[in-house]
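Survey of secondary and tertiary structure
Letter by letter, the chains look like this.
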Amino acid sequence: MADPATLRRIMVDTQVRPSDVTRFPIISAMLETPREAYVPAGAEAIAYAEEAIPLGNGRELLEPRTLAKVIDALAISPDEEVLVVGAALGYTTALLSRLAASVVAVEEDAALYAETEANLAAQEVLNAAVIEGPLAGGAPKAAPFDAIFVDGGVETVPEALTSQLKDGGRIAVIVQDVAGRDMGEMRIGRRIGDRISWRMEFNAGAAPLPGFAAPKAFAL
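Residues numbered from 1 in each chain as written. Predicted model: local features only at pLDDT ≥ 70, side-chain atom pairs only at ≥ 80, totals over all residues. Heavy atoms only, no water.

Attention shifts here to the packing of aromatic side chains. Taken as a whole, this structure holds one aromatic pair when the rule is applied. Taking the centre distance of 6.1 Å and the plane angle of 50° together, the rings of Tyr38 and Tyr91 count as tilted. On the criterion of sequence distance, the pair formed by Tyr38 in the loop between α2 (24-32) and β1 (53-56) and Tyr91 in helix α4 (residues 91-97) is long-range, its members being 53 residues apart. Taken individually, Tyr38 and Tyr91 each receive the classification buried, so the pair is uniform in this respect. (Phe/Tyr/Trp six-rings, centres within 6.5 Å; stacked < 30°, edge-to-face > 60°. Helix = DSSP H or I, 4+ residues; strand = E, 2+ residues; numbered from the N terminus. Buried < 20%, exposed > 50% of the residue type's maximum accessible area, 1.4 Å probe, protein only.)

Spelled out as structure tokens, the structure:
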């Protein structure tokens, strides 16, 4: 594998910047965070490829372009507290730890949870914590949050999760099967009092997260 710092620069220059992600803190985080440290063993050679990386059991690490655009849309400030739903192996958490005051990540897959903890500790990510529990349940004991990043595809977003936002807080989700398309939409929801106001940001697809399927309509 080529020098990782060089591969990170190529990733940013060919995938991130051309997608209109130009905020310096995001660019800096992506240049400084070793993506190869957060992929499955044996996948280091494709860590910077323009594709999602399978993590097993239907989970994946978002491709760099999509991940950067979601982070850009969330517009995280240095004094904010962030929740990552779907810690996977810790890459998104590590990126956001460079942008926010603190990050809490929740993971329900026991193997991914253990690996995430180990990866973040090995990289000395000190302002992030990982908890084990159902993804759709979020982290109510650590709430409320300024921003929530749902790191995968969803069909629906439970109120139990959006209720963990501060007033004015934002949540980013990739909603699957919009209008019958194979792809979906990345949407930002903002909490205003007791309701969530949604806006569509861009088209995107992601592997579905467990616990976010829409209720099935009854049929004879």
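This part covers α2. The set of residues buried in α2 consists of Ile26, Ile27, Ser28, Ala29 and Met30. Buried residues belonging to α2 abut α1 (4-16), α3 (64-74) and α4. (Contact = heavy atoms within 4.5 Å.)

With that settled, the discussion passes to the packing of α1 against α3. In the contact formed by α1 and α3, the axes pass within 9 Å of each other and the chain directions differ by 75°. Overall, the two elements α1 and α3 adopt an arrangement that is roughly perpendicular. Between α1, through Met11, Gln15 and Val16, and α3, the contact on the second element is made entirely by Pro64, Arg65 and Ala68. Classifying every residue of the contact of α1 with α3 by side-chain character gives four nonpolar, one polar and one charged. (Axes fitted to C-alpha atoms, helices over the stretch in contact; angles between N-to-C directions. Parallel < 35°, antiparallel > 145°, perpendicular 65-115°, else oblique. Nonpolar A, V, L, I, M, F, W, Y, C, P; charged D, E, K, R; others polar.)

Attention now goes to the sheet that holds strand β4 (residues 102-107). Strands sit in the order β5-β4-β3-β6-β7-β8-β9 across an open sheet of seven strands; the sheet is mixed. Edge positions in the open sheet fall to β5 (128-132) and β9 (195-204), since each of these has one partner strand only. Each strand of the sheet is rotated relative to its neighbour by a mean of 15°, with strand direction disregarded. In the sheet, strand β3 (residues 81-85) pairs with β4 via five bridges, with the strands oriented parallel. Bridge pairing in β4 links Leu83 to Val104. (Pairing = 2+ DSSP bridges.)

Turning to α3, a few remarks are in order. Burial within α3 is extensive, with ten of its eleven residues counted as buried. Listed in full, the buried residues belonging to α3 are Pro64, Thr66, Leu67, Ala68, Lys69, Val70, Ile71, Asp72, Ala73 and Leu74. One or two positions beyond α3, positive phi appears at Ala75, with a value near 50°.

All we've got here are geometric facts, nothing functional implied.
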